[in-house]
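# Inside the fold
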Amino acid sequence: MKELLQKNGAKWRRLLLYWTTAAIWGAIAVLFLAYFVILNSTSFIFYSILAFFALIPIIIVYRASLKYIIYLSIITIAAGSVAYTNILGKIFPEYIIGILIIELVQTRQRWLDGTGWSMLTIAMFLPAILYSAGVQSSQTLSTNIAIIGYYLLIVGTIGMILQTSRYLGKVGSKVAKGAAPAFKYLAGAAIIGGIVILIMPIWPAHYVESANLPYINLTIANYSGPGNYSIQMNLTKYSKYLNTNVTNIRLSYGGASYAHSAIKSYISSLTVFYSNEIILFSYINASKKTRLPLRLYILPENQTYGSNLLELNGTGKLNSTVNYKAVKAMVGNFTGSGFTDIKISYTVGENATYTSIQNISMIPYLQTEPFCAATAYANIRLDYHSSLPINAFMFNRQSELQAAMLNLSNSYANYTDTFTRYADSEMLHASSGGFSTTLNDTCAEIAFVSQRNASISINETETYKKQVEMAREAMTYNDSRIIKQEWFLPSGVSYLNSIYASMTNKSAQSS
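This section reports on the structure supplied with the text. Everything numeric in this text was worked out from a predicted model, so none of it was measured.

## Quick look at the overall build of the protein chain
- Of the regular secondary structure elements, the protein chain holds 13 helices and 15 strands.
- Residues classed as buried in the protein chain amount to 40% of the 511 residues present.
- Sequence-distant contacts, at least 24 apart, represent 85% of the contacts inside the protein chain between residues at least 6 apart.
- When the accessible area of the protein chain is evaluated, it comes to approximately 28000 Å², of which 59% is carbon and sulfur surface.

Quick look at the structure:
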């Protein structure tokens, strides 16, 4: 009995060591892959191939591991590709139903062995898990997931080639045999090493040191306690510190730690830097006496840091159904130092006009001419002059003209009657006239109907926005003044969460 207890005790200790080792190194693997996918650092992705190469000795020593690596490589490539194309966006409910049916059939028929079925289950559920996590909304995330699959495929291929080596095969067999008796020592070393890796300051993260952020004091004269406000500010004198769309500002309670008091806010629309008035929609949950004045913090241009510093958005209590009390803010003194002059390039849309004259000769009964927009949302004006009174019809979409053409018969009256029913506008029995329409990268059609030969002149005037490169003087400061590198795990996970939320358009909550 004593021997049996000792034997069982040794077995449980061995299992405990095994699962503890697997849990610690599984956590390290998950964190590593999360950084690989979410951080999207070119150097991290490139040099991480060395970590994947560490699997090659495992393949040589434990030959059966090769098939799992090949399985996982194919599954990961497929899952990344599915997320990239967002196929599940159209068939997600049907896909889940299909998986459940396959699972039910497998339970009854057992047409795959344990390993094959486990791998197929992972292959089926992984795309659904990635879809539920919002990975399909960022092609960067889905591409990096597929890269993991390709790295595993490379490692598996190299390992398969090395397994054919007679010398390495013998070495691998000897190592596998020698590892069994020394398992508890190897597992202990792996557990200690894994814990050290988890607690070491090696996990990339950014932390904003709020004390060093430059800010502007705001005073709201008629603030009446917690609620929704649309705060109108004139920031003209600080325009050099703001980026083109004024997204590098954050609202916070004065006197509090910025990292824990960022107010959920968003700007009503893209506001270019030279606009005098900027309206910031915010929910302010502050005591009238103790939490004001407000501060408007300024970040470096084109930068976002941490879950409280994501790009402004209308989530949570900020939505179109909420009524905001309109208030004006008195802009106070600017507090900040260490700024340098820079020149910023940006693109603006300027009004441009395109004109053309087209002369045509038509014979009864029909003449059509297409007119296409040069850019998105172009306003087109068509004026025509004819040698005799004719009927003119404007079709804002070519599909409308095509539908009308299907109902024509060879008579002047039929042409006139059909086009009158299908056209967006018409001019009947006139020798001159005009039409106006707005096109968005599409084409319109003008159709003329006449009983006799006619000479027609068409004047086209198109007004549209032309993108023009501009430059302006700006002020910025070195990120190192406000950024601390917190390399321990909790900060690293928080940093990853903020990046992931930004990439998938999920709101990272601020307190």
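## What to know about helix H7 (residues 114-132)
- With 19 residues, H7 extends 27 Å from end C-alpha to end C-alpha; this agrees with the ideal 27 Å at 1.5 Å per step.
- The sharpest bend along H7 comes to roughly 30°, located at phenylalanine 125, with the proline proline 127 sitting one to four residues further on.
- Those residues of H7 not exposed but buried are Gly116, Trp117, Met119, Met124, Pro127, Ala128 and Leu130.
- Turning to H7, the residues buried within the fold contact helix H5 (65-85), helix H6 (88-109) and helix H8 (139-163).
- In the segment just after H7, glycine 134 is the residue with positive phi, at about 80°.

## So, the pattern of salt bridges
- On inspection of all chains with the given rule, the structure shows three salt bridges.
- One salt bridge in this structure joins arginine 381 and aspartate 383, with 3.0 Å as the shortest N-O distance.

## Some points on the packing of H5 against H7
- Packing of H5 against H7 brings their axes to within 9 Å, and their N-to-C directions diverge by 25°. The orientation of H5 relative to H7 falls into the category roughly parallel. Classified by chirality, the crossing of H7 by H5 is right-handed. Along the contact surface, H5 presents Lys67, Tyr68, Tyr71, Ile75, Ala79 and Val82, while H7 presents Thr115, Met119, Ile122, Ala123, Leu126, Pro127 and Leu130.
- Partitioned by chemical class, the residues of the contact of H5 with H7 number 11 nonpolar, one polar and one charged.

## A few points about the state of the cysteines
- In total, this model carries one disulfide according to the counting rule given.
- A disulfide bridge connects cysteine 372 with cysteine 443, and the sulfur atoms are separated by 1.9 Å. On the S-S bond that ties cysteine 372 to cysteine 443, the torsion sits near 105°, and the link is right-handed. Note that cysteine 372 is positioned in strand S10 (residues 365-372) and cysteine 443 in strand S13 (residues 443-450), a separation of 71 residues in sequence.

## Focus: unusual backbone geometry
- Cis geometry is found at the peptide bond from proline 364 to tyrosine 365, where omega equals 0°.
- Mapped onto the elements, tyrosine 365 comes out in strand S10.
- Positive phi is not limited to glycine here, since asparagine 40 has a value of about 55°.
- Here asparagine 40 is to be found in the loop between helix H1 (2-39) and helix H2 (42-47).
- Here asparagine 40 falls in the partly exposed class, since its relative accessible area comes to 36%.
- Of note, asparagine 86 is a non-glycine position whose phi angle comes to about 55°, a positive value.
- As for its position among the elements, asparagine 86 is in the loop between H5 and H6.

## With respect to the packing of helix H11 (residues 398-405) against helix H12 (residues 412-422)
- Put simply, H11 and H12 touch, their axes get as near as 9 Å, and they point 145° apart. Crossing hand, H11 versus H12: right-handed. Together, Glu400, Leu401, Ala403, Ala404 and Met405 of H11 and Thr418, Phe419 and Tyr422 of H12 make up the contact between the two elements.
- Of the residues contributing to the contact of H11 with H12, the split by class is six nonpolar, one polar and one charged.

## Observations concerning the nonpolar core
- Counting 36 residues, the largest nonpolar core has Phe36, Val37, Ile38, Phe52, Leu141 and Leu198 as the members making the most contacts within it.
- Breaking this core down by element, the ones donating at least two residues are H1, helix H3 (49-53), helix H4 (55-61), H5, H8, helix H10 (183-199) and helix H13 (489-503).
- Here this core takes eight residues from H1, the largest share from any one element.
- In terms of nonpolar packing, the next biggest core, distinct from the first, is built from 25 residues, Ile216, Ile249, Leu296 and Ile298 among them.

## Digging into the packing of aromatic side chains
- With the rule as written, the count across this model stands at 18 aromatic pairs.
- With a centroid separation of 5.8 Å and 45° between ring planes, the pair formed by tyrosine 365 and tyrosine 415 is classed as tilted. Remark: tyrosine 415 occurs in helix H12 and tyrosine 365 occurs in strand S10; sequence separation between them is 50 residues.
- Relative to phenylalanine 448, the ring of tyrosine 384 lies with its centre 5.4 Å away and its plane at 65°, an arrangement referred to as edge-to-face. Of this pair, tyrosine 384 sits in strand S11 (residues 378-395) while phenylalanine 448 sits in strand S13; the two residues are 64 residues apart in sequence, bridging distant segments of the chain. Residue tyrosine 384 shares its accessibility class with phenylalanine 448, and that shared class is buried.
- Across the ring face of tyrosine 215, the terminal group of arginine 295 is positioned such that the distance to the ring centre comes to 4.0 Å.

What counts, and where the lines are drawn
Residues numbered from 1 in each chain as written. Predicted model: local features only at pLDDT ≥ 70, side-chain atom pairs only at ≥ 80, totals over all residues. Heavy atoms only, no water. Helix = DSSP H or I, 4+ residues; strand = E, 2+ residues; numbered from the N terminus. Buried < 20%, exposed > 50% of the residue type's maximum accessible area, 1.4 Å probe, protein only. Contact = heavy atoms within 4.5 Å. Areas by Shrake-Rupley, 256 points an atom, 1.4 Å probe, with all protein chains shown as cover. Expected span 1.5 Å × (residues − 1). Bend = angle between axes of the 7 residues up to and from the residue. Salt bridge = Lys/Arg side-chain N within 4 Å of Asp/Glu carboxyl O. Axes fitted to C-alpha atoms, helices over the stretch in contact; angles between N-to-C directions. Parallel < 35°, antiparallel > 145°, perpendicular 65-115°, else oblique. Left-handed = near helix turned anticlockwise from the far one by under 90°. Nonpolar A, V, L, I, M, F, W, Y, C, P; charged D, E, K, R; others polar. Disulfide = S-S within 2.5 Å. Core = buried A, V, L, I, M, F, W, Y, C linked by side-chain atoms within 4.5 Å. Phe/Tyr/Trp six-rings, centres within 6.5 Å; stacked < 30°, edge-to-face > 60°. Lys NZ or Arg CZ within 6 Å of the ring centre and 35° of its normal.

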